[in-house]
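# Structural overview
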Amino acid sequence: MSLADEGAPGVTIDILRGQASEEELAALIAVVTEAYTGEAAEAVAPDDAPRSAWSLTQRNLRQPLRRELGWGRFTG
């Protein structure tokens, strides 16, 4: 599968110094494309990642505010 198959936006390569031949540009594009697709394939998180103890208990850290009590309950 190539990047063109996925509908990815095009990339512009600007040569700032020297004269690159078509073969050199083709080699550069092939190497960068292969490195990018390999890195993108490895950067996927597994679907069955185990939940940590923190993620299981984080819902219970704070109770919802009781807005019907108001601020005046501490005066007296």
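Quantities reported herein were computed from a predicted structural model and do not represent experimental measurements.

Calculation rules
- Residues numbered from 1 in each chain as written.
- Predicted model: local features only at pLDDT ≥ 70, side-chain atom pairs only at ≥ 80, totals over all residues.
- Heavy atoms only, no water.
- Helix = DSSP H or I, 4+ residues; strand = E, 2+ residues; numbered from the N terminus.
- Buried < 20%, exposed > 50% of the residue type's maximum accessible area, 1.4 Å probe, protein only.
- Areas by Shrake-Rupley, 256 points an atom, 1.4 Å probe, with all protein chains shown as cover.
- pLDDT = per-residue confidence, 0-100.

## Regarding the overall build of the protein chain
From N to C terminus, the protein chain includes three helices and zero strands. Secondary structure elements of the protein chain occur, N-terminal to C-terminal, as α-α-α. Here the protein chain holds 76 residues, and 1% of them are scored as buried. For the protein chain, the accessible surface area stands at approximately 7,800 Å², while carbon and sulfur atoms represent 56% of it.

## Focus: the confidence of the model for the protein chain
Low pLDDT means the predicted coordinates in that region are not meant to be read closely. Looking at the protein chain, pLDDT values average 77 and 74% of them are 70 or higher. Confidence, read as mean pLDDT per element, is least for helix α1 (residues 3-6) in the protein chain (56) and greatest for helix α2 (residues 22-42) (90).

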